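Topology and contacts: notes
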Amino acid sequence: IGSPPGPQKIFWEVFHNQVALLLTGFLRHNMSAMEAQQTYMVPALKYLVRISMGTNEETFKICVEFWQTFSARIFLEIQQRRGQQASAAGNAPPLLLDGTMGTAAGGNAAADAAAAKMKHYSPVLSEVRRVLISKMAKPPEVTIKENEEGHIVRAEEEDTDEIALYKMIREALIYLTHLDANNMETIMLHRLKQECLMEGTAEHWSPTVLNRLCWAIGSISGAMHEGNEKRFLVAVIRDLLSLCEMKRGKENKAVVASNIMYVVGQYPRFLRAHWKFLKTVIFKLFEFMHETFPGVQEMAVDTFLKICQKCKRKFVVQQQGEQCAFVEEMISHIAQDISELEHLQVCTYFEAVGHMISAAPPDQREMLVARILELFNEKWRKVITESLSAGNPLEALQDQQVLKDISLILRVNERMVSAVGAACHSQLSLFYFDMLKIYKVCSDFISHTTAQQGSQVMGYAHVRLMRNIKRDTLRLVQTFVDLAATEQTAQEVGLTVQTLAQRFIPPLLEPVLADYKSNMPQARDAEVLDLLATLAMRLSEPISQEVGRIFDMVFACTCDMIKGDFQSYPDHRAKFYGLLKAINSHCFQALFYLPEAHLKLYVDSLIWAMKHEQPQVADSGLQILSHFLERLVAGPPQVFVGFFKQYYFILLQDVLGVLTDTFHKSGFKLQQHILLQLVSCVEGGLLNEALPKQRVMEFLFDLVGKSFPTLHRSQVEIFVLQCFSRARQPAEFQQHIRDFLITLREWGSHEDALYEDDRKTAVQEAQTAETTWRMQVPGLVPQYDPARAAEADMDDV
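As a starting point, this report considers the structure included with it. Source: prediction; values computed, not measured. (Residues numbered from 1 in each chain as written. Predicted model: local features only at pLDDT ≥ 70, side-chain atom pairs only at ≥ 80, totals over all residues. Heavy atoms only, no water.)

Quick word on the state of the cysteines
Selection criterion: Here, a disulfide means two cysteine sulfur atoms that sit within 2.5 Å of each other. Remark: exposure states derive from per-residue accessible area (1.4 Å probe, protein chains only) relative to the maximum for the residue type, with buried under 20%, exposed over 50%, and partly exposed in between.
Inspection of every chain in the model, using the stated rule, returns 0 disulfides. You can see Cys 308 has no disulfide; the closest cysteine sulfur is in Cys 311, sitting 8.1 Å from it. On the basis of relative accessibility, which here comes to 0%, the residue Cys 308 falls in the buried class.

Brief notes about the environment of Ser 126
Heads up, the rule is: Where helices and strands are cited, they refer to DSSP runs of H or I of at least four residues and of E of at least two residues respectively, numbered from the N terminus. Any two residues whose heavy atoms approach within 4.5 Å are treated as being in contact.
By the element assignment, Ser 126 lies in helix α5 (residues 109-134). Overall, Ser 126 belongs to the buried group, its relative accessible area being 10%. Each C-alpha atom, one on Ser 126 and one on Asp 180, is 8.8 Å from the other, the two residues being 54 residues apart in sequence. The contacts of Ser 126, once residues within four sequence positions are left out, are Asn 183 and Ile 187.

Some thoughts on the side chain of Asn 519
Cut-off, in case you're wondering: We call two N or O atoms a polar contact when they sit within 3.5 Å, provided that within protein one can donate a hydrogen and the other can accept it, with sequence-adjacent residues counted only if both atoms are side-chain atoms.
Along the polypeptide, Asn 519 turns up in the loop between α25 (506-518) and α26 (527-538). Under the relative-accessibility criterion, Asn 519 is labelled buried at 3%. In this structure the side chain of Asn 519 is engaged in a polar contact, spanning 2.8 Å, whose partner is the side chain of Ser 447. One polar contact links Asn 519 to Asp 515, side chain to side chain, over a distance of 2.8 Å.

A closer look at the packing of aromatic side chains
As a reminder, the rule being used: Two aromatic rings from Phe, Tyr or Trp, using only the six-membered ring of Trp, form a pair when their centres are within 6.5 Å; if the ring planes differ by under 30 degrees the pair is stacked, by over 60 it is edge-to-face, and anything between is tilted. Definition used: whenever NZ (Lys) or CZ (Arg) falls within 6 Å of the ring centre and also within 35 degrees of the ring normal, the charge is taken to sit over that ring.
Tallied over the entire structure, the rule returns 39 aromatic pairs. A ring pair is formed by Phe 66 and Trp 67, whose centres lie 5.2 Å apart and whose planes are at 65°; its orientation type is edge-to-face. Trp 67 matches Phe 66 in its accessibility class, with the two residues each being buried. Here the aromatic rings of Tyr 432 and Phe 504 are separated by 4.9 Å at their centres, their planes lie at 85°, and the arrangement is edge-to-face. Placement of Tyr 432 in helix α21 (residues 425-453) and of Phe 504 in helix α24 (residues 497-504) is noted, with a sequence separation of 72 residues between them. A relative accessible area of 4% places Phe 504 in the buried class. In this structure, Lys 135 is placed above the aromatic ring of Phe 60, and the distance from its NZ or CZ to the ring centre is 4.3 Å.

Looking at the pattern of salt bridges
Put simply, the rule reads: Basic side-chain nitrogens of Lys or Arg form a salt bridge, by our definition, when they fall within 4 Å of a carboxyl oxygen of Asp or Glu.
Counted under the stated rule, the structure contains 31 salt bridges. Notably, a salt bridge pairs Glu 58 with Lys 61, separated by 3.7 Å at the nearest N-O pair. Separated by 3 residues within a single helix, Glu 58 and Lys 61 lie in helix α4 (residues 57-88), roughly one turn from each other. For Glu 58, a relative accessible area of 46% translates into the label partly exposed.

Here we look at the layout of surface pockets
Inclusion rule: The method works on a 1 Å grid over the protein atoms by themselves. A cavity is a set of points holding a 1.4 Å probe that cannot get out, a pocket is an open set with protein on both sides within 12 Å along at least five of seven lines, and residues with an atom within 4 Å of a point line them. Grid points are joined across faces, edges and corners, and a volume is the space filled by probe spheres set on the points. For this classification, Asp, Glu, Lys and Arg are treated as charged, while Ala, Val, Leu, Ile, Met, Phe, Trp, Tyr, Cys and Pro are nonpolar and the rest, including Gly, are polar.
Within this model, the second largest pocket holds a volume of roughly 530 Å³. Lining the second largest pocket are 26 residues, with Lys 167, Arg 170, Arg 774, Pro 782 and Asp 785 positioned closest to its centre. Among the secondary structure elements, those contributing two or more residues to the lining of the second largest pocket are α6 (160-179), α8 (207-219) and α37 (756-775). Sort the elements by how many residues they give to the lining of the second largest pocket and α6 lands first, with 6 residues. Considering only residue class, the lining of the second largest pocket consists of 10 nonpolar, 9 polar and 7 charged.

Points about unusual backbone geometry
With a phi close to 50°, Tyr 569 is a non-glycine residue in the positive phi region. Take Tyr 569: it is sitting in the loop between α28 (547-562) and α29 (570-586).

A look at the packing of helix α16 (residues 343-358) against helix α17 (residues 362-372)
Quick reminder of the rule: Helix axes use the C-alpha atoms of the stretch in contact, all axes being lines fitted to C-alpha atoms, and the angles between their N-to-C directions lie in the range 0 to 180 degrees. Any angle from 65 to 115 degrees is called roughly perpendicular, while one under 35 is roughly parallel, one over 145 is roughly antiparallel, and all others are oblique. Crossing handedness follows the turn of the near helix against the far one: under a right angle anticlockwise gives a left-handed crossing, and clockwise gives a right-handed one.
The contact between α16 and α17 brings their axes to 10 Å, and the two run at 155°. One finds that α16 runs roughly antiparallel with respect to α17. The crossing of α16 and α17 is right-handed. On the side of α16, the interface is formed by Phe 350, Val 353, Ile 357 and Ser 358, while α17 contributes Arg 365, Leu 368, Val 369 and Ile 372. Of the residues in the contact of α16 with α17, the class split is 6 nonpolar, 1 polar and 1 charged.

As for the packing of helix α33 (residues 668-683) against helix α36 (residues 730-743)
Orientation of α33 relative to α36, taken along the N-to-C sense of each, is 115°, at an axis distance of 10 Å. The pairing of α33 with α36 is recorded here as roughly perpendicular in orientation. Like other packed secondary-structure pairs, α33 and α36 cross with a definite hand, here right-handed. Contact residues: α33 offers Phe 668, Gln 672, Leu 675 and Leu 676, while α36 offers Pro 730, Phe 733, Gln 734, Ile 737, Arg 738 and Leu 741. In the contact of α33 with α36, the residues fall into 7 nonpolar, 2 polar and 1 charged.

Observations regarding empty space enclosed by the protein
Within the structure shown, the criterion is met by 2 cavities of 30 Å³ or more. A volume near 40 Å³ is recorded for the second largest cavity. Elements with a contribution of two residues or more to the lining of the second largest cavity: α22 (461-484) and α24.

Brief notes about α17
Rule in force here: This arc describes the spread of directions from the helix axis toward the C-beta atoms.
Those residues of α17 that fall on the buried side of the exposure criterion are Arg 365, Leu 368, Val 369 and Ile 372. Along the long axis of α17, the arc covered by the buried residues comes to 100°, so they all point the same way.

Side note on α26
It helps to recall that an α-helix has 3.6 residues per turn; residues three or four apart then point in one direction. Applied cut-off: To estimate how far a helix should reach, multiply one less than its number of residues by 1.5 Å.
With 12 residues, α26 extends 16 Å between its outermost C-alpha atoms, agreeing within 8% with the 16 Å of an ideal straight helix rising 1.5 Å per residue. Of all 12 residues in α26, 9 are buried; the element is thus mostly enclosed. Residues of α26 that are buried: Glu 527, Val 528, Leu 529, Leu 531, Leu 532, Ala 533, Thr 534, Leu 535 and Ala 536. Next to the buried residues of α26 lie α21, α22, α25, α27 (540-544), α28 and α29.

Just geometry here; none of it tells us what the structure is for.
Structure representation (structure tokens):
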């Protein structure tokens, strides 16, 4: 099983692989029968354990998949028995099972059956725990690894195979912990002391052994009772800190440091409950932020961010034995903490501090933001004094270091705003107008340079840095508007949405829109479209008055950029339709005050989107058009009758075109829904005078007949008649369209695509049900999974 001799290696690897496939397949499909024959079941499992110890990765994956399924089966079977026993006794079924499921007290039938089953399997499962711990895969959160030469290096990119294996092993370990937490704890602590801390092991110490052990320890977070978890984690961290002190050399210290950060980051429940330990961990992270070994600083700030997200309330309340709240205490050493971090890491650091501040009482947040960012406000004042106050600010902005400093200040503020929200309004007001002046200086320089020298200047270093400043400005304002411009968040800081709009929007629009229109296509920032979409969503009333100007300055020139083909300017294309969607949803009435040419361009752009070869863009166009028609028909007749007079037949022809070709199959559900909307308007009598039903039916008959000459005249006639007769039953209409497409020769091999939406809906429902079920198994859903986003900082402070 270990490492067979060279000539025989391939033979034995193939042999073990085939035996693993045979055993796992047979056991999986005949589990009940085999469990009745323990004489054969246990030896088969033991042999599979031995195969799991082999070196072949593919064989190991086969075994891991089986152990995950097998441990889950035992866990769920025992839980089901206990639930039935509890129901019979009139009690609620238990959710969190204890750590030694096979030794439950009570003497009832369920407990006895569980104990008997665990007695048979306990030795095998103990071996499985040892094997999986020793071969644990690297979690995505860990940013350093041991390479093939045995050197510790930074992990440059994610290994998707390794992440998939990690998830499988993690779930198996979660179930195995529920089945016997005491055994899992004993194995892990023994291995930590035996292989890492005992005397005489220093010269044989293997970073890989420690890595895999710590990854396994972090992976079972939430699977133990809180009291057991506390005892276990204290022992683990104590040993790891001792090991960090023992080890010499940057590589060794980096390994231990990354493992400490990973483990503590996976146990936020423990950290919330133990302030002194949490504070020690945070200061240890600050220490690791000065460790220049590749990957350590990145992992330190990432762990700091995660802990702040989960434990934020602990940092803004004065804890017992402390002089003040931690967030106030750390102000004095922020400059020291970030002194050796890269710019991106500095941004993550301040985002983490922003999460702390977001948990403070509303009346303290502005003050805390001002004090935390005083270091960067001082830098900003210095930059402004040297650049804008000079006779020619462009000269100062030719210095690349100045440009980098401005960009960092803007990005730090954006990260702070993303975490704190409206409480940053005073901070933003401090430099808002100066920021817009710098934006205009950079815009004018880029426009002037590109006009003189062409698009090649976009590759110059100082031009790229100026574009970064422009983008950082746009992102900062967008993030602030998105989070602050709601009634609830504005009221928290004593303002109204109208006040925020009047203060920040008028001075912004003119330079941004003028710059976008005047620049050559390569110099236009797609972030402008993102910002305008956010303004439309959050400030619909004031922006509705500007829709005409937006269309004039942004809409037409962006259409010219993207309508020539389906590939160029992908960012602008996606964000352009995001802007249309926002205007359609929140500024709908303003569309009908546009000049006729602009409204036609709007409709044309949706038709272009429908015909786009990329499904994401095509779906965006279909969604916008469907919502547009829905809002349109719900409005006054004098509006929609005039619109349909001009555009009804154009829309009908183009929708039917994309519906019946085979290049846009993924949009079938929305395509047939839009066709239903168009037909329903006529069938419901909304357009009797402008578009009589007979005229529309004749148009549709001619259109289908010319498009598909192989169809018999009676087939086309039946199709058109049933489109109108089934317009009041959406499900029947959809099935009618499906049946028609299947009869077309062009769709002969694409029938499955017509049911793709139904399949996606079924998959989504199954995933939702699985997530709900997984949330009921403690620890199975990772601590930072989006499914846990609703979990607040529940512990008392």
